[in-house]
Amino acid sequence: MTTTLGLPDTIQACLFDLDGVVTRTAVVHAAAWKETFDAFLRERDGEGFRPFDSAGDYDEYVDGRPRADGVRTFLASRGIHLPEGDPGDPPDARTVHGLGNRKNELLLAKIRTDGVEPYEGTLRYLGAVRARGLRTAIVSSSANTRDVLRSIDAEDLFEVRIDGVVAAERGLPGKPRPDTFLAAARDLGVEPSRAAVFEDALAGMDAGRAGHFGYVVGVDRVGQTDALYAHGADVVVKDLAELGERA
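The model shown is predicted, which means the values in this text are computed figures rather than measured ones. Numbers given for residues are sequential positions, taken from 1 along each chain in its written order. Only residues with pLDDT of at least 70 are given local features in this predicted model, and only at 80 or more are side-chain atom pairs given and counted; all residues enter the totals for whole chains, interfaces and linings. The side-chain figures draw on all heavy atoms in the structure; neither hydrogens nor water molecules are used.

**Quick look at the pattern of salt bridges**
For step 1, the next point in the chain: Salt bridges, as used here, are contacts in which a Lys or Arg side-chain nitrogen is within 4 Å of a carboxyl oxygen on Asp or Glu. This structure, assessed with the given rule, holds 21 salt bridges.
For step 2, the next point in the chain: Between Arg78 and Asp57 there is a salt bridge, and its shortest N-O distance comes to 3.2 Å. Residue Arg78 is located in the loop between helix H3 (67–77) and helix H4 (96–114), and its partner Asp57 is located in helix H2 (residues 56–62); the two are separated by 21 residues in the primary sequence.
For step 3, the next point in the chain: Linking Glu159 and Arg135 is a salt bridge whose minimum nitrogen-to-oxygen distance equals 2.6 Å. Taken together, the residues Glu159 in the loop between helix H6 (145–151) and strand S3 (160–162) and Arg135 in strand S2 (residues 135–139) connect sequence positions 24 residues apart.
For step 4, the next point in the chain: Here the salt bridges share partners, and the residues they tie into one network are Asp17, Lys175 and Glu199. Strands here mean DSSP runs of E at least two residues long; helices mean DSSP runs of H or I at least four residues long; both are numbered from the N terminus.

**Side note on helix H8 (residues 179–188)**
For step 1, the next point in the chain: Think of it in three bands: with a 1.4 Å probe and only protein chains considered, a residue is buried below 20% of the maximum accessible area for its type, exposed above 50%, and partly exposed in between. Inspection of H8 places Thr180, Phe181, Ala183, Ala184, Ala185 and Leu188 among the buried residues, and these make up the whole buried set.
For step 2, the next point in the chain: The secondary structure elements touched by the buried residues of H8 are strand S1 (13–16), S2, S3, helix H7 (164–170), strand S4 (195–199) and helix H9 (202–210).
For step 3, the next point in the chain: Immediately downstream of H8, the backbone of Gly189 shows phi near 75°, a positive value. Contact definition: two residues touch when any of their heavy atoms are within 4.5 Å.

**Describing the environment of Asp17**
For step 1, the next point in the chain: By the element assignment, Asp17 lies in the loop between S1 and helix H1 (26–45).
For step 2, the next point in the chain: Expressed as a C-alpha distance, the spacing of Asp17 and Lys238, which sit 221 residues apart in the sequence, is 15 Å.
For step 3, the next point in the chain: Each polar contact in these results corresponds to two N or O atoms within 3.5 Å; when the atoms are within protein, one needs to be able to donate a hydrogen and the other to accept it, and residues that are neighboring in sequence are counted only if both atoms are side-chain atoms. Of note is the side chain of Asp17, whose polar atom sits 3.1 Å from the side chain of Lys175.

**Some words on the layout of surface pockets**
For step 1, the next point in the chain: Here a cavity means grid points, on a 1 Å grid over the protein atoms only, where a 1.4 Å probe fits yet cannot get out; a pocket means an open set of points with protein on both sides within 12 Å along at least five of seven lines; lining residues are those with an atom within 4 Å of a point. Grid points are joined across faces, edges and corners, and a volume is the space filled by probe spheres set on the points. For the largest pocket, the calculated volume is near 420 Å³.
For step 2, the next point in the chain: Looking at the largest pocket, it is lined by 22 residues, and the ones nearest its centre are Pro66, Arg67, Ala68, Gly164 and Ala168.
For step 3, the next point in the chain: Elements represented by at least two residues in the lining of the largest pocket include exactly H3, H4 and H7.
For step 4, the next point in the chain: Residues are sorted three ways: Asp, Glu, Lys and Arg are charged, Ala, Val, Leu, Ile, Met, Phe, Trp, Tyr, Cys and Pro are nonpolar, and all the rest, Gly among them, are polar. In terms of residue class, the lining of the largest pocket is made up of nine nonpolar, eight polar and five charged.

**A short note on the environment of Ile111**
For step 1, the next point in the chain: Its location among the elements puts Ile111 in helix H4.
For step 2, the next point in the chain: Spatially, the C-alpha atom of Ile111 lies 28 Å from that of Asp206, the residues being 95 residues apart in sequence.

**Some details on the packing of H1 against H4**
For step 1, the next point in the chain: Two elements in contact, H1 and H4, have axes separated by 9 Å at closest approach and are oriented at 135°. On the basis of the axis angle, H1 is oblique to H4. Viewed along their axes, H1 and H4 form a crossing whose handedness is right-handed. Here Val28, His29, Ala31, Ala32, Trp33, Glu35, Thr36, Phe37 and Phe40 of H1 come into contact with H4, specifically with Leu99, Arg102, Lys103, Leu106, Leu107, Lys110 and Ile111.
For step 2, the next point in the chain: Among the residues forming the contact of H1 with H4, the class breakdown is ten nonpolar, two polar and four charged. The axes used here are C-alpha line fits, helices contributing only the stretch in contact, and every angle between their N-to-C directions lies in the interval 0 to 180 degrees. Any angle that is under 35 degrees is reported as roughly parallel, and any over 145 degrees as roughly antiparallel; angles of 65 to 115 degrees are reported as roughly perpendicular and all others as oblique. The sense of a crossing depends on the near helix, which, turned anticlockwise from the far helix by less than a right angle, makes the crossing left-handed and, turned clockwise, makes it right-handed.

**Section: the sheet that holds S1**
For step 1, the next point in the chain: Here the rule is simple: two strands pair whenever DSSP picks up at least two bridges between them. Read from one edge of the open sheet, six strands run S3-S2-S1-S4-S5-S6, paired in parallel fashion. Lying at the two open borders of the sheet, with one neighbouring strand each, are S3 and strand S6 (235–237). Mean inter-strand twist for the sheet, computed between neighbouring axes without regard to direction, equals 20°.
For step 2, the next point in the chain: By the bridge criterion, three bridges tie S2 to S3 in an arrangement that is parallel. Among the inter-strand pairings, Ala137 is bridged to a residue of S3, identified as Val160.
For step 3, the next point in the chain: Of the strands in this sheet, S4 and strand S5 (215–219) touch H9, which is tilted by about 175° from S5.

Note that every value here comes from positions in space, so none of it alone points to a role or purpose.
In C-alpha cells form, the structure reads like this:
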C-alpha cells in the first residue's frame, strides 16, 4: 500500500540528502572538484595529465561522500597517495585535507557568485510530507548545510540536521556507510524500517541499503537511473513531484 506521497503507508519519517535532492548544488560541487583535482593533477603530471571527469569520476568517487573521503577515494583510483594532513590545512597544502579545503574554498566562491537554487518540486513535496505529519531530517556530508538551507529559507522544513559538522562532532562515518542516516532516524525517534531515504548519489543509495531503511528513493538528475537501482533504490524519479503522481 502506498500513500498519496508515493511511499509505503508504514513510513513515518523522510530523510533527505541536500545536494541534488533539495538544492541544485550538485553541479557546483562537481565543478569545484574538477577545478581542484585538475590543478593538482596538472601540477603533478604535467600538461598530459588525465582530467577529472565531472560525470564518471564525480559519481563514482566523490558524490555524497565526506570531503576528505572524496579526496582519498578519487586519488586512490589514480594510484595516488597523499599525507592526511590536518583539517585546518591551508588550501595549497599537498595533503588530503588541504585538497579538500581547496575544493571547499572554490565551492563557497561559486555559491557566493551564483547563489543557490532549490528544486521547487522537492519543496512542494516537503510541504506535503509535513502536512501529512511525517517527520523530516536533512542528511548531508556538506559542512555548509545550514548556510545553504538558510539561503533558500528552508531550514525550518527539517526537524533534524545531520551534516558534515554534526558527523565530525559525533564521529560518524559518512556515506556509503549508513551511520548518518541512522543517526537522523534515531534523533527523530523512528526505526530505520519506518524511514524513507531520498538520495541522488550512488553512495547514498548504498547507505540506504546498508541501513535497512523502509524505502529508498533515488532522484535521477543526471541520467543514472539504472545505476541508482543497482545500488539499492526501491524507486527512481527525476523529480520528487513524480512520487505523488505515482501513488
